[in-house]
Amino acid sequence: MSYLPEEPEEDFELNIVPMIDVIFAILTFFIISSLFLTRSESLPVNLPQAASAELQERTRITVSVEESGEIALNRQATTLEDLQAGVRDLMGSTQESVIVINADEAVSHGRVIAVMDELREIEGATLGIATRQPE
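Residues numbered from 1 in each chain as written. Predicted model: local features only at pLDDT ≥ 70, side-chain atom pairs only at ≥ 80, totals over all residues. Heavy atoms only, no water.

*Asks:* Is there a simple way to explain helix α2 (residues 80–91) in this structure?
*Replies:* Counting along an α-helix, one turn takes 3.6 residues, and residues three or four places apart therefore face a common direction. With 12 residues, α2 ought to run about 16 Å at 1.5 Å a step, and its terminal C-alpha atoms sit 17 Å apart, in line with that. Along α2, the positions that sit buried rather than exposed are L80, L83, Q84, G86, V87 and M91. Of the residues trailing α2, G92 is marked for its positive phi of about 55 degrees. (Helix = DSSP H or I, 4+ residues; strand = E, 2+ residues; numbered from the N terminus. Expected span 1.5 Å × (residues − 1). Buried < 20%, exposed > 50% of the residue type's maximum accessible area, 1.4 Å probe, protein only.)

*Asks:* Looking at this structure, how should I read the pattern of salt bridges?
*Replies:* Pairing is possible between side chains of opposite charge, provided their charged atoms come close. In this structure the tally under the stated criterion is one salt bridge. Notably, a salt bridge pairs R120 with D117, separated by 3.3 Å at the nearest N-O pair. Residue R120 and its partner D117 are located together in helix α3 (residues 109–120), separated by three residues, close to a single helical turn. (Salt bridge = Lys/Arg side-chain N within 4 Å of Asp/Glu carboxyl O.)

*Asks:* I would appreciate a short explanation of unusual backbone geometry in the present structure.
*Replies:* A negative phi angle is the norm for most residues apart from glycine, just as the trans form is the norm for most peptide bonds. A positive phi angle, close to 50 degrees, is found at N74, a residue other than glycine. Residues other than glycine seldom take positive phi values, yet R75 does so here, at roughly 70 degrees. In this structure, R75 sits in the loop between β2 (71–73) and β3 (76–78).

*Asks:* Mind showing me how you'd approach the packing of aromatic side chains here?
*Replies:* One pair of aromatic rings is described through two measures. These are the centre distance and the angle between the planes. Taken as a whole, this structure holds one aromatic pair when the rule is applied. Taken together, a centroid distance of 5.4 Å and an interplanar angle of 65 degrees make the contact between F29 and F30 edge-to-face. (Phe/Tyr/Trp six-rings, centres within 6.5 Å; stacked < 30°, edge-to-face > 60°.)

*Asks:* What should I look at first to understand the packing of α2 against α3 in this one?
*Replies:* Any two packed helices are characterised by the angle at which their axes cross and by the distance between the axes. At a minimum axis separation of 9 Å, α2 and α3 run at an interaxial angle of 35 degrees. The element α2 and its partner α3 pack so that their crossing is right-handed. For the pair formed by α2 and α3, the contact residues are L80, L83, Q84 and V87 on the first element and R111, A114, V115, E118 and L119 on the second. Residue classes in the contact of α2 with α3 are distributed as six nonpolar, one polar and two charged. (Axes fitted to C-alpha atoms, helices over the stretch in contact; angles between N-to-C directions. Left-handed = near helix turned anticlockwise from the far one by under 90°. Contact = heavy atoms within 4.5 Å. Nonpolar A, V, L, I, M, F, W, Y, C, P; charged D, E, K, R; others polar.)

Interpretation note: all reported values are geometric properties and have no functional meaning in isolation.
Next comes the structure, spelled out in structure tokens:
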């Protein structure tokens, strides 16, 4: 009986470098695209800090209360009396909207509560208060 020598088997090798490149490319895409989603229209105010601050993804309407107490709706000056009508006009046929209140930390608590009371009467509106992460 003739015996044939066995051929040595090649070692199996898994190359993960291309997979890592693809993962980093996808990660870079998501990081860059998320930067464009977080921009919102607001006036520059000095926001208070909150450790539990979260980003609101459905932000559509921004109400800013400046240090002087003046109110702006999507960067357009308005009065407290006209605020509710202006928000309803911006909501249009949308059933639910997120209204973000950007109030300067120097604004009196009563002024912010007055703005919130006006906005709470709007059906389908969810209120959020903008803060910044502690440094």
